[in-house]
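Single-letter residue listing:
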Amino acid sequence: MTDGNPLPTAIIGAGLAGLSTALALTASGLPVTLFDKGRGPGGRLSARRAGDWRFDHGGQFVTVRDVGFRRVMDGLLSDGHAALWNGPIVRLNPDGSREPHPVERFVGTPGMNGIIQGLIARLPDDARPRFGIRIASIAGMKGQWRLVMEDGTSEGPFAKLVLAMPSVQAADLLRPVAPALAARAQTVVMAPCWALMLGFDQPVSLPWQAAFVAGAGDDDRPLSWIAHDGAKPDRGNRASFVAHAAPAWSIRHLEETADQVAACLLPAFRAATGITVEPAFLSAHRWRYALPTVPLADGFLWDRGLGIGACGDWCLDARAEAAFVSGARLAAAMGGG
Ligand SMILES: Cc1cc2nc3c(=O)[nH]c(=O)nc-3n(C[C@H](O)[C@H](O)[C@H](O)COP(=O)(O)OP(=O)(O)OC[C@H]3O[C@@H](n4cnc5c(N)ncnc54)[C@H](O)[C@@H]3O)c2cc1C
């Protein structure tokens, strides 16, 4: 069924939310065209290489509560795109003590973007995302939408549009064509996160594989999370680490350069881990829109009259699973899934 309209739905953003929508729509026989500005698959579940080191500099692991997402993760586990990460993972207290933090956690393999690659592999060939294409604006009209690329060229027409990207970017694209949806998206607050990546030439041993770094009362801690990325399943146990700056610290240092931030965060990493060896690789990445601190409760946005919707973690909860669930719920409202 194509609703009497043979035109495809364009999905902008091929992260978890966009792929979830695409999987549900194509499973119902509805054609989709997926665009993503990234160089490769991942979105906020990206992985980065530097020499022999690999880093999951965005999402660290996924947790599962939803039955549909559990089914998807089980499939990814059985075809080797994901693995259970048993840790040990701890909470580091301000007084230096630590306590176990055991929760069922999954990671993509061999990097977090393995999850994204596994989902792309489940799409029909003609629905697979095209990367390196940034949509600059939306043109056209209801039932005949066109997408304008950065270089001024356009593609379309599309029957429907799905915006599957952080709320701020979705609001910018929606404003001229769907102001009411843009206004909803604009109410969401997304916090930034600076991610520190460290690679060591020699093996480094710690009593834990990852740690939530707890803050004291007024929470001025620089770091909130440290992971020995190389110790995650299927990473070859390389001495690669990722540390995330706490939200308040990230906001205070948002406009600094990556080099300045890396230099500032290194002492905090050393204090928390006791690793004093000089890193052979040190870099920082800024996630300007990392996680929603004030998400919507709606699950998704959908204007049936216009045929425009939006989905993502920011429509539900600050977790990767929420992005997948949001995409699936939007697809169901659109008549797929
Ligand atoms: C530092 C960090 C740590 C995190 N840790 C965890 C964690 O441990 N556990 C957890 O569950 N979640 C975690 N998350 C959250 C998780 O990564 C997200 O909830 C999830 O990946 C969001 O998926 P999404 O599809 O909604 O958005 P995204 O993954 O952001 O996908 C949006 C896509 O849209 C594309 N795009 C944007 N604008 C355009 C445009 N104009 N044209 C074309 N393409 C465009 C982007 O390239 C991107 O691929 C973390 C996130 C960050 C940043």
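Before reading further, recall that the structure is shown in the block above.
Attention here is on the structure that accompanies the text.

Scoring rules and cut-offs
Residues numbered from 1 in each chain as written. Predicted model: local features only at pLDDT ≥ 70, side-chain atom pairs only at ≥ 80, totals over all residues. Heavy atoms only, no water. Helix = DSSP H or I, 4+ residues; strand = E, 2+ residues; numbered from the N terminus. Rg over C-alpha atoms; globule rule 2.2 N^0.38 Å. Buried < 20%, exposed > 50% of the residue type's maximum accessible area, 1.4 Å probe, protein only. Contact = heavy atoms within 4.5 Å. Lys, Arg positive; Asp, Glu negative; His and termini not counted. Charge placed at Lys NZ, Arg CZ, Asp CG, Glu CD. Pairing = 2+ DSSP bridges. Axes fitted to C-alpha atoms, helices over the stretch in contact; angles between N-to-C directions. Salt bridge = Lys/Arg side-chain N within 4 Å of Asp/Glu carboxyl O. Expected span 1.5 Å × (residues − 1). Near = heavy atom within 4 Å. Polar contact = N/O pair within 3.5 Å; in protein donor to acceptor, adjacent residues only side chain to side chain. Areas by Shrake-Rupley, 256 points an atom, 1.4 Å probe, with all protein chains shown as cover. Nonpolar A, V, L, I, M, F, W, Y, C, P; charged D, E, K, R; others polar.

**Here we look at the overall build of the chain**
Then comes step 1: Secondary structure summary: the chain contains 8 helices and 20 strands in total.
Then comes step 2: For 337 residues, the compact-globule estimate of 2.2 N^0.38 gives 20 Å, and the C-alpha radius of gyration of the chain, at 20 Å, lies within 12% of that figure.
Then comes step 3: For the C-alpha atoms alone, the extent of the chain along its principal axes is close to 65 × 40 × 35 Å.
Then comes step 4: When the 337 residues of the chain are sorted by exposure, 52% land in the buried category.
Then comes step 5: Counting only contacts in the chain whose residues sit at least 6 apart along the sequence, the fraction spanning at least 24 positions is 67%.
Then comes step 6: The centroid of the 32 positive side-chain charges in the chain is displaced by 3 Å from the centroid of its 31 negative side-chain charges.

**Notes on the pairing of strand E17 (residues 240–245)**
Then comes step 1: Across the 6 residues of E17, 6 count as buried, placing the element largely inside the fold.
Then comes step 2: In E17, alternate side chains face the same way, and those of Ser240, Val242 and His244 on one face and Phe241, Ala243 and Ala245 on the other are all buried.
Then comes step 3: Where strand E14 (residues 189–199) and E17 come together, 5 bridges link them in antiparallel fashion. Considered in E17, the bridge of Ala195 is made with His244.
Then comes step 4: Here strand E16 (residues 223–228) pairs with E17 via 5 bridges, running antiparallel. Bridge pairing links Ile226 to Ala243 in E17.

**Notes on the sheet that holds strand E10 (residues 135–141)**
Then comes step 1: Taken together, the 3 strands give an open sheet; going across it, the order is E10-E11-E12, and neighbouring strands pair in antiparallel fashion. The sheet is open, and its two edges are formed by E10 and strand E12 (154–158), each paired on a single side. Strand-to-strand twist in this sheet, taken as the mean axis angle between neighbours without regard to direction, amounts to 20 degrees.

**Concerning the pattern of salt bridges**
Where charged atoms of side chains with opposite charge meet at close range, the side chains can pair.
Then comes step 1: Following the criterion strictly, the structure yields 16 salt bridges and no others.
Then comes step 2: Note that Asp79 is salt-bridged to Arg122, the shortest N-O span being 3.1 Å. Remark: Arg122 occurs in the loop between helix H3 (113–121) and strand E9 (130–131) and Asp79 occurs in the loop between helix H2 (67–78) and strand E5 (82–84); sequence separation between them is 43 residues.
Then comes step 3: Classification of Arg122 by relative accessible area gives partly exposed; the value is 35%.

**Here we look at the environment of Phe269**
Then comes step 1: Among the structural elements, Phe269 can be located in helix H7 (residues 258–273).
Then comes step 2: The class of Phe269 is buried, set by a relative accessible area of 1%.
Then comes step 3: Along the backbone, Phe269 and Trp225 are 44 residues apart, and their C-alpha atoms lie at a distance of 9.7 Å.
Then comes step 4: In this structure Phe269 touches Leu196, Leu198, Phe200, Leu223, Ile226, Phe241, Ala243, Gly274 and Ile275, once residues within four positions along its chain are discounted.

**Observations regarding helix H8 (residues 320–334)**
Then comes step 1: The end-to-end C-alpha distance of H8 is 22 Å, a good match for the 21 Å that 15 residues give at a rise of 1.5 Å each.
Then comes step 2: Listing the buried residues of H8 in full gives Glu321, Ala322, Ala323, Phe324, Val325, Ser326, Gly327, Leu330, Ala331 and Met334.

**Points about the site of the ligand**
Then comes step 1: As a matter of local geometry, the ligand sits amid 33 residues, with Asp36, Arg44, Phe61, Asp313 and Ala320 nearest to it.
Then comes step 2: Contact between the ligand and Ile135: a nitrogen atom at 3.0 Å from a main-chain N or O atom of the residue.
Then comes step 3: Here an oxygen atom of the ligand and a side-chain polar atom of Asp313 are 2.8 Å apart.
Then comes step 4: Relative to its unbound accessible area of 1000 Å², the ligand is 93% covered by the protein chains.
Then comes step 5: Those elements that provide at least two residues to the shell around the ligand are helix H1 (16–27), strand E18 (281–294) and H8.
Then comes step 6: If one sorts the elements of the shell around the ligand by residue count, E18 sits on top with 3 residues.
Then comes step 7: Each residue belonging to the shell around the ligand can be placed in one class, and the counts come to 16 nonpolar, 11 polar and 6 charged.

**Focus: the environment of His285**
Then comes step 1: Of note, His285 is situated in strand E18.
Then comes step 2: Measuring from C-alpha to C-alpha, the distance between His285 and Val168 comes to 19 Å, with 117 residues separating the pair along the chain.
Then comes step 3: When sequence neighbours within four positions are dropped, the list of residues in contact with His285 reads Arg48, His57, Cys193, Trp194, Ala195 and Met197.
Then comes step 4: Side chain to side chain, His285 and Arg48 meet in a polar contact 3.3 Å long.

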